[in-house]
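Commentary on secondary and tertiary structure
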Amino acid sequence: MSLPYTTEKQVAVAAVRRACVLTNSVFNKLVKNETLTKVGDYAAQAVISSILHRAFPEDPIVGEEDAADLRAESGTGMRERIIELANEALVGELGLDDNVEWGMGPGQEKTTEELLDAIDRGNYPGGPSGRMWTIDPIDGTKGFLRGEQYAVCLSLIVDAQVEIGVIGCPNLPVDLSKPEQGTGCIFVAVRGHGAEQLTLSGASPEPLSIPASTSENLNFLESVEAAHSSHSFNDRVSALLGITRPPIRMDSQAKYCCLARGEGGAYLRMPTGVGYREKIWDHAPGQVLVEEAGGIVTDSRGQPLNFGLGRTLGENFGVIAAGKDVHPRVLEAVQKALSEEKEKARV
Ligand SMILES: Nc1ncnc2c1ncn2[C@@H]1O[C@H](COP(=O)(O)O)[C@@H](OP(=O)(O)O)[C@H]1O
Ligand SMILES: [Mg+2]
Ligand SMILES: [Mg+2]
Ligand SMILES: [Mg+2]
């Protein structure tokens, strides 16, 4: 019996690989010299969206970026730069099995209009039924610009359930505890068929599973950006759990990837203010990856993340991702810390 979503998985990995080559070259050519922020985000979404469209022309896409500003932009050369970089990534030879037999070999150069349209194809509003892809071309843009962690994130959602997640992490050490082994990994999960880590060239799949954990070897994974998740809340939850090790701070869904391969032990993301709604592209690939590695992903109330409400997670409040044994303990401590906060606000 053939595995489900074989073609989708091949196409998704090919698309993420090309986008990673692109973001790497954007960093080396542009970010290191000048701050042309967003060039990588636009170009990578154009590349991934073009590849998806060629393979699955009927599938809608929920992408983070849109091309409105780019269309309006003139005189800076930014749009030309993006088109050039996207075309380089689309036609370049990547080596390995670039799936020519699925029509996924190096593509043809595209016009400016075609690439702007490809970016704008990410405007699907989402919803509860049918197939859709989510693209976060550069997740952790702040980390990307700092030369730290970022991730190229792609998922396939079918009837509100994430079926495939692919996360490319060009700057992530192959093993956090052995930085000398080099950086660059791709994480892939197919619902019901496990999670794996590949090299950045798409080779050497290693199955992933979250090992059992105790409080002694636990530390939290959390955002670098204090505006994105409450560091002080995490400190309180750590204290309640008796965790003494400092948190591992890292941008992007690389946190889900580290968790899936047994680094850290829990990813906790609590809102810093009222009103922000988490975006589906910031969590869909990470959710299926962690679940397929044997973990649990919920919001801070223990509810599953709802990917069927549109472009955001709606009423889901915060995110807790952890191994099966750790998750209930973290959830309980989060409840305790929340009720302490309520109590404080009352008096
Ligand atoms: N106030 C806020 N609260 C939570 N997340 C936020 C936020 N403002 C932006 N974000 C999201 O946080 C993501 C980065 O997460 P992290 O902090 O884990 O690296 C951003 O993704 P992008 O970088 O793709 O825009 C963005 O979507
Ligand atoms: Mg993001
Ligand atoms: Mg992004
Ligand atoms: Mg963004």
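Since the model is a prediction, treat every value here as computed from it, not as a measurement.

1. Here we look at the overall build of the protein chain
Along the protein chain, the regular secondary structure elements total ten helices and twelve strands. Here the protein chain has a C-alpha radius of gyration of 20 Å; the compact-globule value for 347 residues is 20 Å, and the two agree. Counting only C-alpha atoms and orienting by the principal axes, one finds that the protein chain spans roughly 60 × 50 × 45 Å. Going through the 347 residues of the protein chain one by one, you find that 48% of them count as buried.

2. Section: the site of ligand 1
Around ligand 1, a shell composed of 14 residues is seen, among which G140, T141, S223, H228 and D251 lie nearest. Viewed by domain, the shell around ligand 1 spans two of them, domain 1 (6–207) and domain 2 (215–346), each represented by three or more residues.

3. A word on the UniProt feature "binding site: Mg(2+)" (unreviewed entry) in the protein chain
Under the UniProt annotation, the feature "binding site: Mg(2+)" (unreviewed entry) is placed at E64, D136, I138, D139 and D282. On the basis of their most widely separated C-alpha atoms, the annotated residues across 219 residues gather in one place, lying no more than 10.1 Å apart. Relative to the assigned elements, I138 resides in strand β2 (residues 131–139). Judged by the 29 C-beta atoms lying within 10 Å of it, I138 is buried. When neighbours within four sequence positions are excluded, I138 is seen to be in contact with T23, G40, D41, A44, F144, Y150 and V152. On the secondary structure map, D139 appears in strand β2.

4. Here's the deal with the nonpolar core
By size, the foremost hydrophobic cluster in this structure holds 103 residues, and its most contacted members are A43, V47, A260, L289 and V330. By residue number, the principal contributor to this core is helix α1 (residues 6–31), which donates eleven residues. Beyond its immediate chain neighbours, meaning those up to four positions away, A260 contacts F187, A195, L208, I210, L289, V290, A293 and G295.

5. Observations regarding helix α2 (residues 39–55)
Spanning 17 residues, α2 covers 25 Å between terminal C-alpha atoms, matching the ideal 24 Å at 1.5 Å per step. Where burial is concerned, most of α2 is hidden: 14 out of the 17 residues are buried.

6. Section: the domain arrangement of the protein chain
Bring the parts together and some accessible area is lost; that lost area is often taken as the interface size. Looking at the protein chain, the domain boundaries give domain 1 (6–207) and domain 2 (215–346). The straight-line distance from the C-alpha centre of domain 1 to that of domain 2 is 25 Å. The interface is formed by 36 residues belonging to domain 1 together with 28 residues belonging to domain 2. When residues of the side of domain 1 that touches domain 2 are traced back to their parent elements, those giving at least two are β2, α6 (141–146), β3 (151–158), β4 (161–173), β5 (183–190) and β6 (195–199). The dominant element in the side of domain 1 that touches domain 2, judged by the number of residues it contributes, is β4, at seven residues. Across the side of domain 1 that touches domain 2, the residue classes tally to 20 nonpolar, ten polar and six charged.

7. Quick word on the environment of V319
Structurally, V319 is set in strand β12 (residues 319–323). Between the C-alpha atom of V319 and that of E332, which follows or precedes it by 13 residues, the distance is 13 Å. In this view, V319 contacts R269, E278, H283, V297 and D299; residues no more than four positions away in its chain are not counted.

8. Regarding unusual backbone geometry
At Y5, a position not held by glycine, the phi torsion is positive, near 60°. Here Y5 lies in the segment before α1. The backbone of S252 shows a phi angle near 75°, a positive value even though the residue is not glycine. Tracing the backbone through its elements, the reader meets S252 in the loop between β9 (248–249) and α8 (254–260). Residue classification places S252 among the buried residues on the basis of 29 C-beta atoms within 10 Å.

9. Quick look at the pairing of β2
With respect to burial, β2 is a largely interior element, eight of its nine residues being buried. In this structure, strand β1 (residues 61–63) lies alongside β2, joined through three bridges in parallel fashion. Along β2, the bridge assignment pairs V62 with T134. Bridge count between β2 and β3: seven bridges; the pairing is antiparallel. When the sheet's bridge partners are listed, M132 is paired in β3 with I157.

10. Observations regarding helix α7 (residues 231–241)
Buried within α7 we find F233, N234, V237, S238 and L241. One side of α7 holds all its buried residues, which, seen down the axis, span an arc of 140°. Structural note: α7 exposes S232 and A239 on the side pointing more than 90 degrees away from its buried face. The inward-facing, buried residues of α7 contact β8 (220–222), β10 (266–269) and α10 (327–346). Downstream of α7 by a residue or two, G242 has a phi angle that is positive, lying close to 75°.

Procedures and definitions
Residues numbered from 1 in each chain as written. Chains lettered and ligands numbered in written order. Predicted model: local features only at pLDDT ≥ 70, side-chain atom pairs only at ≥ 80, totals over all residues. Helix = DSSP H or I, 4+ residues; strand = E, 2+ residues; numbered from the N terminus. Rg over C-alpha atoms; globule rule 2.2 N^0.38 Å. Buried ≥ 20, exposed ≤ 12 C-beta atoms within 10 Å, placed from the backbone. Near = placed C-beta within 6 Å. Domains from an automatic or database assignment. UniProt positions renumbered as here; feature names shortened; annotations may be inferred. Contact = placed C-beta atoms within 7 Å. Core = buried A, V, L, I, M, F, W, Y, C linked by C-beta atoms within 7 Å. Expected span 1.5 Å × (residues − 1). Nonpolar A, V, L, I, M, F, W, Y, C, P; charged D, E, K, R; others polar. Pairing = 2+ DSSP bridges. Arc of directions from axis to C-beta.

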